[in-house]
Amino acid sequence: MTDVQDRPAVGAPAGQRSVAATLFRFQSVFGLIAVFVAAIIFSPRKNGEILFISADNLANVVRAVSEIGIIAVGMTFVILIGGIDLSVGAVLGLAAVGSAVLMVENDWGFLPSVVLVLAIGLVFGALQGIATAMIGIQSFIVTLAGLQIARGLARIWSGGQGVAIAYGNGPNEAPASFALLGERTFGGLVPIPVIIFAVVAAAAVVFLRVSAFARHLYAVGGNEKAARLSGVPVVRVKVAVFAICGLLASLAGIVHAVQLNQGSPNDGIGYELDAIAAVVIGGTSLAGGRGSVAGTVAGALLLGVLNNILALNNIDSNIQLLIKGLVIVAAAALQRLRPTS
Amino acid sequence: MRSVRIPLAAAAVAALVLAGCGTTSERTAGSSPGASKSCKGADGKYTIGMSQANVAEPYRQRMDDDIKNAAKDVPQFDVKFADAAQDNAKQVADVENYITQQIDLLIISPNEAKPLTAVVKKAYDKGIPVIVLDRKVEGDAYTGFIGGDNVQIGREAGKYIAEKLLPQGGNVVELKGLAGATPQAERHEGFVEGIKGNPKVKVIASASGDWLREKGQSQMDALLKANPKIDVVFSHNDPMAEGAYLAAKAVGREKQMKFTGIDALPIPSGGIKAVEQGRLSATFTYPTNGKEAIAAAKKLLIDCGTIPKTQTLPTRLIDPSNAAKIYAEENPNG
C-alpha cells in the first residue's frame, strides 16, 4: 500500500534508515536543543544568575507556548492530510468569548460551559471538513471563510466588546472552579496550560501511533486517490481531522480566556500563522503525508525559546520578525534537502 | 526507532517543564510595593522597560519616540522597548520578560485593561514602580496613571460640531474606531453628550473604520452612496478622517462637507498637518504622555519622590488658526 512508504514519520524498521535520515527527521528537536543552548549562552546575566534558565523564566516560556502549541497539534493533523486550517485563531477568539459570556453573563456552570464551547469548536471544524471533503472546496478557501465566520460570530456573541471575567459565586461571576484552571501554576511551578498542552500532545502522539485512523490519515495525505482506491474512508478521515483541529482551537480559546481573565472577539488574530510556523519548523510537509506531532511540539517550543531570548536581549521587535522569518525559511529549506526514503 | 519516539516527544516537553522546576529564585519584594525602593539617586543607572501595545499605529509609535527623546536628556536612563502587536498574550509575556530582566521601572501602555492587570500587579508587587500610559489597568496595583480623557475629547468634538460647524443643524456621520476598544466607546459616549446642545444636529449613520485610513475610506465610499446629504464627518481618529476625505474627493463631494478627527499627532502624516493643509476642519489633541512618563520616572528614580496616582492631560482644539503654530511647538527641531 502506498501509505507505507509515504509515512516514514510513523516509523519503518530502523535498519532501513540512514543516520542522515534520522537527523533530518528530528531536525526540530535538534534545532530546539541548539536554540536552547544558544539561549543559555546569549542570556543576559544578573548577579551571576543566567536569567534565561531561571525557573520563573522557563515557566513563562512554556506557558506562552501552550496556546499556540495546542492549536499546532490540531494543525499538524490537518497538514498531514495535505490541508490547511486558517480559522483556528478566530475559533480561539470565538471560544474565549463563548466561555466568558456563558459563565459570566448567562451564569452557566463550569462544566456545561466548557463542554458547549468545545462542542462548538468540534462542530465548526467538522462543518469545514464536510465542505472540504464532500463539496470539494480547497481547505484554504473553506477555512478562510471559516475565519471570517468565526470572527463574526465572536463579535455578535460578545456584543463587539471584550467580556471581562470575574470570579465568585454571585451573578455575573464565573465559578471558582474555572479560576482553578487559570491558576498560573500547578504545585507552585508548572503553569496549568502547560499541563493541558503536554496532555494534548502526548495523546496525539499515542493516537497517531496506535490507531488505525492514523494509518488512514497518512494514506490520505500521501496520495488521496490511491487511498480512496484502497478503501480508505477519505471523507470520514477529512471531517474527523478538521473536527479535531476545531476542538483543539476551542480548547486553546478556553485556556486563553482564563489566562487573560477576558474573552475578546479580537483574541487570537494571527495565531493560525504561528501554529503553521510551528508545524513547518517541526518538519511536517505542507504537501501532506509526512510529519509528526513530536516535531510540532519541538517546533512550538523552539519558537517560544527564540521569542523569549530575543525579548530578554531587547532585540528590536522588527528585527525579531526578520529572525523568526529566517528560521522558518531555514526549516523549510532543510526539509527540501531531506532524503526521501 | 519506534520505541524512541514517545520518550523523545515527552522529553521535548518535559525538558523545559522540569528545568522550570529546578531552581527557584523568586525575588521577594523588600519594602512596601511600588515605593521608590529602587531609587538610587542621581548616581544610579536605571533600566526602564517600555511595553507598547502596538507600534503599527502612528500614535503609539510617536509615544515610543517621545519617550526615547525625553530619555535622551537623562543620562542615567536606558530605555528598552517591546511591541505587543495588539496581542494581549504577547504583552503579558513582554512584561514577564521585563520582570525576569529585573528592570528598575516599567512603563506600559496596555492593549486592554483586564488581561494586563494581573501581570502589572505582579511587577508592582515585586517592587518595580509602574507607570501606566493612555489605557488603564484595573485595581490600584500601579504607581501612577497618565492619560488623556477620551470622554472629554469626544465631548469637545461634539460641542465643536454642534456650535461651530453646524449652528443651523445638519447631518453628521460618525466613523468609529475598532469595535471593542475602550477609546472607541468613550469617544462615542462623549460625542453623543457633546452634540446634545443642538437638537438640529442629526447623526444619520455610523460605521466602524477600525482606526485605519483605508478602512475609513472604504466605509466612507458606502456612506456617501447611501447618504446624499452629509454635512460633517466625525471620525474617532485622524487617519480615518483622512480616508473619508479621500473617498469624498473621489466623487467630488469633499467641498460639501467638513471633516474632524482626533489625536492631532505632530508628525508630517498627522492630523495637525491635515488641518493646516485644509483637509480637516479640526482635530483634538490626545497627548501621548511620553515626555510626562519620563518626567515621572525621573521623579521616582532620581529624585526619590512620589508621583500623583492619576494625571489627566487636557485636550486642545486644533483648527486652522493655531495648527501651524502648535506643529512648530511640538517639533522644535524642525
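Model, not experiment: these values are computed from the prediction. (Residues numbered from 1 in each chain as written. Chains lettered and ligands numbered in written order. Predicted model: local features only at pLDDT ≥ 70, side-chain atom pairs only at ≥ 80, totals over all residues. Heavy atoms only, no water.)

(A) Local environment of the packing of aromatic side chains. For the coordinates displayed, the defined rule picks out 10 aromatic pairs over all chains. On the basis of an interplanar angle of 70° and a centroid distance of 5.3 Å, the ring pair of Phe36 of chain A and Phe52 of chain A is categorised as edge-to-face. With Phe36 of chain A in helix α3 (residues 27-42) and Phe52 of chain A in the loop between β2 (49-50) and α4 (55-80), the pair connects residues that are 16 residues apart, well separated along the chain. Ring geometry for Tyr160 of chain B and Phe284 of chain B: centres 6.0 Å apart, planes at 80°, overall edge-to-face. You can see Tyr160 of chain B sitting in helix α5 (residues 150-165) and its partner Phe284 of chain B sitting in strand β10 (residues 283-284), a full 124 residues away along the chain. Tyr160 of chain B gets classed as buried once you look at its relative accessible area, which sits at 11%. Phe284 of chain B sits in the buried class, given a relative accessible area of 1%. An aromatic cluster of at least three residues, connected via ring pairs, comprises Phe77, Phe207 and Phe213 of chain A. (Phe/Tyr/Trp six-rings, centres within 6.5 Å; stacked < 30°, edge-to-face > 60°. Helix = DSSP H or I, 4+ residues; strand = E, 2+ residues; numbered from the N terminus. Buried < 20%, exposed > 50% of the residue type's maximum accessible area, 1.4 Å probe, protein only.)

(B) Structural detail: helix α5 (residues 88-105) of chain A. All names here are of chain A. Between its terminal C-alpha atoms α5 stretches 25 Å, which fits the 26 Å expected from 18 residues at 1.5 Å a residue. Along α5, 17 of the 18 residues are buried, which leaves the element largely enclosed by surrounding structure. Immediately beyond the C-terminal end of α5, within one or two residues, lies Asp107, with a positive phi of roughly 55°. (Expected span 1.5 Å × (residues − 1).)

(C) Highlighting the state of the cysteines. Residues and elements named next belong to chain B. For the structure on display, the rule yields one disulfide over all chains. Paired by a disulfide, Cys39 and Cys304 hold their sulfur atoms 1.8 Å apart. A torsion of -85° about the S-S bond marks the disulfide between Cys39 and Cys304 as left-handed. Placement of Cys39 in the loop between α1 (2-21) and β1 (46-52) and of Cys304 in the loop between α10 (290-301) and β11 (310-313) is noted, with a sequence separation of 265 residues between them. (Disulfide = S-S within 2.5 Å.)

(D) Spatial organisation of the pairing of strand β5 (residues 144-148) of chain B. All names here are of chain B. Buried residues dominate β5, accounting for five of its five residues. What you see with β5 is no split at all: Gly144, Ile146 and Gly148 on one side and Phe145 and Gly147 on the other are buried throughout. Relative to β5, strand β4 (residues 130-133) runs parallel, the two sharing three bridges. By the bridge assignment, Ile131 is partnered in β5 with Gly144. Note that β5 and β11 share four bridges and pair parallel. (Pairing = 2+ DSSP bridges.)

(E) Quick peek at the sheet that holds β11 of chain B. Residues and elements named next belong to chain B. Here six strands make up an open sheet; going across it, the order is β2-β1-β3-β4-β5-β11 and the pairing parallel. A single partner strand is all that each edge strand has here, and the edge strands are β2 (77-83) and β11. Taking the axes of each pair of neighbouring strands and ignoring which way they run, one obtains an average angle of 15° across the sheet. In this structure, strand β3 (residues 105-109) lies alongside β4, joined through three bridges in parallel fashion. Within the sheet, the bridge partner assigned to Ile108 lies in β4 and is Val132. Taken strand by strand, helix α3 (residues 88-100) contacts β1, β2 and β3, and its axis lies near 175° from that of β1. (Axes fitted to C-alpha atoms, helices over the stretch in contact; angles between N-to-C directions. Contact = heavy atoms within 4.5 Å.)

(F) Inspection of the sheet that holds strand β8 (residues 232-235) of chain B at higher detail. Residue and element names in this part refer to chain B. If you trace the four strands from one edge of the open sheet to the other, you get β7-β6-β8-β9, paired in parallel fashion. The open sheet has two edge strands with one neighbour each: β7 (201-208) and β9 (258-260). Between one strand axis and the next, the sheet turns through 20° on average, direction left out of account.

(G) Layout of the UniProt feature "domain: Periplasmic binding protein" (unreviewed entry) in chain B. Under the present numbering, the feature "domain: Periplasmic binding protein" (unreviewed entry) in UniProt falls on residues 48-301 of chain B. Here residues 48-301 of chain B runs as 45% helix and 20% strand, with 10 Å between its end C-alpha atoms. (UniProt positions renumbered as here; feature names shortened; annotations may be inferred.)

(H) How the structure looks around the packing of α4 of chain A against helix α9 (residues 192-210) of chain A. Residues and elements named next belong to chain A. Put simply, α4 and α9 touch, their axes get as near as 8 Å, and they point 20° apart. On the basis of the axis angle, α4 is roughly parallel to α9. Considering the relative orientation of α4 and α9, their crossing is left-handed. Across from Val62, Arg63, Val65, Ser66, Gly69, Ile70, Val73, Phe77 and Leu80 in α4, the residues of α9 making contact are Pro193, Val194, Ile196, Phe197, Val200, Ala201, Ala204, Phe207 and Leu208. Residue classes in the contact of α4 with α9 are distributed as 15 nonpolar, two polar and one charged. (Parallel < 35°, antiparallel > 145°, perpendicular 65-115°, else oblique. Left-handed = near helix turned anticlockwise from the far one by under 90°. Nonpolar A, V, L, I, M, F, W, Y, C, P; charged D, E, K, R; others polar.)

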